[in-house]
Amino acid sequence: MRVLSGIQPTGRFHWGNYFGAIRQYIDLQHGNEAYYFIADLHALTTVRDPKQLRQNTLDAALDLLALGLEPEHAILFRQSDVPEVSELCWLLMTGTPMSMLENCHAYKDKMQKGLPAGAGLFTYPVLMAADILAYDSQIVPVGADQVQHIEVTRDLAGSFNHTYGETFVLPKAQTLDASAKVPGTDGEKMSKSYNNTLELFEEPKAMRKKIMRIVTDARPMEEPKEPEGDHLYQLYSLFANESERETMAAMYRKGGFGYGDVKKALADAAERYFAEPRARREELAAKPERVVEILADGASRARKKAAETLRRAQTNCGLRP
Ligand code: ADP
Ligand code: TRP
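S.K.: Which residues make up the pairing of strand β2 (residues 33-38), and what values go with them?
M.R.: The buried count for β2 comes to 5 of 6 residues, which makes it a mostly enclosed element. Bridge count between strand β1 (residues 2-7) and β2: 6 bridges; the pairing is parallel. Across the sheet, the residue bridging to L4 is Y35, located in β2. At this point the chain moves from β1, through helix α1 (residues 15-28), to the parallel β2, and the crossover so formed is right-handed. Pairing of β2 with strand β3 (residues 74-78) involves 5 bridges; the strand directions are parallel.

S.K.: Could you give an account of the site of ligand 2, with specific residues and numbers?
M.R.: Neighbouring residues of ligand 2: 14 residues in total, closest Q8, H42, Y124, D131 and Q146. Taking Q8, its side chain carries an N or O atom lying 3.0 Å from an oxygen atom of ligand 2. Between Y124 and ligand 2, the recorded distance is 2.5 Å, taken from a side-chain N or O atom to a nitrogen atom. In the complex, 89% of the free accessible area of ligand 2, which totals 370 Å², lies under the protein chains. Taken together, the elements giving at least two residues each to the shell around ligand 2 come down to β1, α8 (124-134) and β4 (139-142). Ranked by residue count, the leading element in the shell around ligand 2 is α8, at 4 residues. Along the lines of polarity and charge, the residues of the shell around ligand 2 split into 8 nonpolar, 5 polar and 1 charged.

Criteria and thresholds
Residues numbered from 1 in each chain as written. Chains lettered and ligands numbered in written order. Predicted model: local features only at pLDDT ≥ 70, side-chain atom pairs only at ≥ 80, totals over all residues. Heavy atoms only, no water. Buried < 20%, exposed > 50% of the residue type's maximum accessible area, 1.4 Å probe, protein only. Helix = DSSP H or I, 4+ residues; strand = E, 2+ residues; numbered from the N terminus. Pairing = 2+ DSSP bridges. Right-handed = clockwise from strand over helix to strand, strands pointing away. Near = heavy atom within 4 Å. Polar contact = N/O pair within 3.5 Å; in protein donor to acceptor, adjacent residues only side chain to side chain. Areas by Shrake-Rupley, 256 points an atom, 1.4 Å probe, with all protein chains shown as cover. Nonpolar A, V, L, I, M, F, W, Y, C, P; charged D, E, K, R; others polar.

Structure (C-alpha cells):
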C-alpha cells in the first residue's frame, strides 16, 4: 500500500504526538511504500517567525529520525520542497465549493469564536488534499480530528475524476487508535494549545520536574483507587509492559501508596523508553548535513512521483497536451 501522512512543525513534539501518531507512522514504514512529510506550508498559517519555522522543521526531522523513521524504508521530506503540490492545490481549488470549506472544523471553530481567519486557514483542507493526491496515496493514517479533511480529499478527487476523467486515486483515512488519546499534565488531552505537554526530548531533569507536578486528586493515600480512568496510570501504561501495568494496577486497587511513587515510576519508565532515541538524536544533531541530505533525497523522490500526478492532472484538465 502507498501510505502518506504529514505532521506540522508548529512546536516540539510531545508524548501525545508520538503515541497518537508518530509511532504508527514508524510501524507502517515496513511493508508499505511510505511517504512522510513535515507540513511546513501548513505551519505557515500559525508560525510567523522565520527563524522559529526553520528550527521547528529541523527539530521535526531530527525527532522523526531519532524515533525510528528510516530513510531506507520511508520517504521523508519537507512539504515545501515539492512545489508540484502547490500547483496541484490550485487545480483542486478551482473545483472546490466554498460551502465545503465553510464546513471544515478548523475554520468553523474560529468563526464561531468570532476570531479572524485567513484564507490560508480557510483553504487549508485543499492543500492537504493536494498533499494526499499528489502521491496517489491509498492509506492516510491520521488522528480523528483530520478525518474530515480526508473526506474533503475524496470529494475533490471524485469530482475532478468525474469532470476530467480518471486522474486521482481515492485515499482512505486510517484512524489512529482513539484510545491512544494521551492525557497531559492537567489530565486533559495533551496538546501544545493547552500548555500541558511533556515533550519527547526534554532534558531528563526538567522532564522529571514536570512529571512530579502532574495534577492528581487529593484523596488520602490509604484509599484504594481504580486505575482505569486515572491519567497518571494512563501515562504510566504507555511505557510499561503488561506485567508492570498489572503490578501498578494492583497497587492502585490496594491503596496505601502515594502518587509520588507512581510519578517516580513514570519518570523512570519514560527515561528508559526514550534513552535510545535520545542518544540517536544527539548523534544526528551533531551531523546536520546528514539530515539535510536525507530531506533532499526524500524531496527528490517525492517530487518525481508528484510531477507524474501533476502532469496527468494538467493533461486531463486541458492545460497541457
Ligand atoms: P497539538 O494538539 O499539540 O497541536 P497536533 O494537532 O499538531 O498536536 O497533532 C499532531 C498529531 O498528533 C495528530 O495526528 C494528532 O492526532 C496527534 N495527537 C496530538 N495530541 C495527541 C494526544 N494527546 N493524544 C493522541 N494523539 C495526539
Ligand atoms: N493537517 C494535518 C495535521 O494538522 C497535517 C497534514 C498536512 C497532513 N497535510 C497532510 C496529514 C496530508 C495527512 C495527510 O495534523
